[in-house]
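# Breakdown of the fold
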Amino acid sequence: MSERPVFRFAPSPNGELHLGHAHSALVSHDMARAANGRFLLRIEDIDVGRCRREYEAQILDDLAWLGLEWEQPVRRQSEHFGVFGKAIEKLGAMGLLYPCFATRRQIAEAVAARGAPHPLDPEGAPLYPGLCKALGEKEIETRKATGEAFALRMDMGAALALLREMTGGAPLTFTETADDGSHAQCIEAAPARWGDAVIARKDAPTSYHLAVVVDDAAQGVTHVTRGRDLYAATDLQRLLQVLLDLPEPVYHHHRLITDDKGRKLSKSQGDKSLAALRRKGLSPDDIRSLLAEN
Ligand code: GLU
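Residues numbered from 1 in each chain as written. Predicted model: local features only at pLDDT ≥ 70, side-chain atom pairs only at ≥ 80, totals over all residues. Heavy atoms only, no water.

## Re the packing of aromatic side chains
Condition: Two aromatic rings from Phe, Tyr or Trp, using only the six-membered ring of Trp, form a pair when their centres are within 6.5 Å; if the ring planes differ by under 30 degrees the pair is stacked, by over 60 it is edge-to-face, and anything between is tilted. Counting from the N terminus, the helices are DSSP H or I runs at least four residues long and the strands are E runs at least two residues long. When a residue's accessible area, from a 1.4 Å probe over protein chains only, is under 20% of the maximum for its type it is buried; when over 50% it is exposed; and in between it is partly exposed. Comment: the charge-over-ring label is applied if NZ (Lys) or CZ (Arg) is within 6 Å of the ring centre and within 35 degrees of the ring normal.
Summed over the entire model, instances satisfying the criterion amount to five aromatic pairs. Arranged with centres 6.3 Å apart and planes meeting at 65°, the rings of F81 and F84 form a pair that is edge-to-face. Here F84 and F81 lie together in helix 3 (residues 81-93), a separation of three residues that amounts to about one turn. F84 gets classed as buried once you look at its relative accessible area, which sits at 0%. Centroid distance F101 to F150: 5.6 Å. Interplanar angle 55°. Geometry classified as tilted. A residue pair is termed long-range when its members are at least 10 positions apart, and F101 in the loop between strand 4 (97-100) and helix 4 (104-114) and F150 in the loop between helix 5 (137-145) and strand 5 (151-154) qualify at 49 residues. Through a chain of ring-to-ring contacts, three or more aromatic side chains come together here, namely F174, Y231 and Y251. Sitting above the plane of the Y128 ring, R153 keeps its charged end 3.8 Å from the centroid.

## Quick word on the site of the ligand
Put simply, the rule reads: Summary of the distance rule: residues count as near a molecule or strand when at least one heavy atom falls within 4 Å of that molecule or strand. What qualifies as a polar contact is a pair of N or O atoms within 3.5 Å, subject to a donor-acceptor requirement within protein and to the restriction that residues adjacent in sequence count only when both atoms come from side chains. For the accessible areas, the method is Shrake-Rupley and the probe is 1.4 Å, while residue cover comes only from the protein chains on display.
Surveying the vicinity of the ligand reveals the residues R8, A10, S12, E44, Y208, R226 and L230. Contact distances for the ligand include 2.6 Å between a nitrogen atom and a side-chain N or O atom of E44. A distance of 3.0 Å separates an oxygen atom of the ligand from a polar side-chain atom of Y208. Relative to its unbound accessible surface of 300 Å², the ligand loses 80% to contact with the protein.

Here you go:
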């Protein structure tokens with residue numbers, strides 16, 4: 001095993017890269033360079049309905065144009081569903097997963113019917129109100145047999161109880177560093193705020209969180225660098241790492257690039273796409289300057 005630190009950039013090919021992605025890729029790449037580390041690329045395409053090979057080709061082209069170099073082969077998540085399945089089986093065998101047939105709408109209705117303010121998860125979705133938590137074996141089998149789609153959720157209470165058993169009650173933490181790798185801070189993770197999170201989606205045999213921790217471990221990633229919008233995701237991902245006995249990387253959540261109204265860039269804002277900026281004649285150095293000014 002290499003002793004060199006391993007960094008990665010992990011875009012989803014569901015649209016064109018924008019300045020925010022360029023920043024993320026450059027931060028990770030430059031940190032890897034500065035640490036004499038390795039830099040990997042991973043294509044996060046578990047959402048096979050929305051991800052496109054054309055976007056993936058454009059991403060590789062944009063990143064090469066920016067001057068980034070990454071190791072081969074590029075890991076494509078859609079080629080590793082079997083590996084994610086093994087991790088999900090492991091969590092299932094630990095008694096932590098249950099099938100959930102509820103639709104988003106049913107969840108929203110159940111929450112509204114309660115009438116009281118309902119807690120939200122870090123992404124702003126209502127915490128799962130437990131609709132399918134107490135289904136009997138028989139009902140589960142019948143509904144599965146009729147082909148009704150289901151997700152797998154993790155029983156957060158059971159997962160935290162098992163975590164306490166595994167770690168003797170030690171706090172679940174992660175290390176967050178500044179963008180030069182200094183100022184390591186020990187942060188306490190609070191996975192309970194995700195509630196009974198989805199581990200395998202209805203429309204994909206994994207979730208983002210599960211795929212990320214499995215792949216970071218499979219690729220030997222030692223340093224996860226990504227935007228602050230994923231800071232809270234680290235809480236749930238740390239829990240999964242401990243439960244699945246996966247190594248703990250160091251984290252750096254970088255600042256987010258915003259538009260002139262101070263809003264985070266999104267993939268629908270095509271005018272800020274790297275491809276559009278390239279067409280306008282900007283150079284990779286211009287992109288770095290724009291990012292430094294943002
Ligand atoms: N694929 C995720 C995204 O494009 C990034 C995942 C990560 O860096 O952990 O937002």
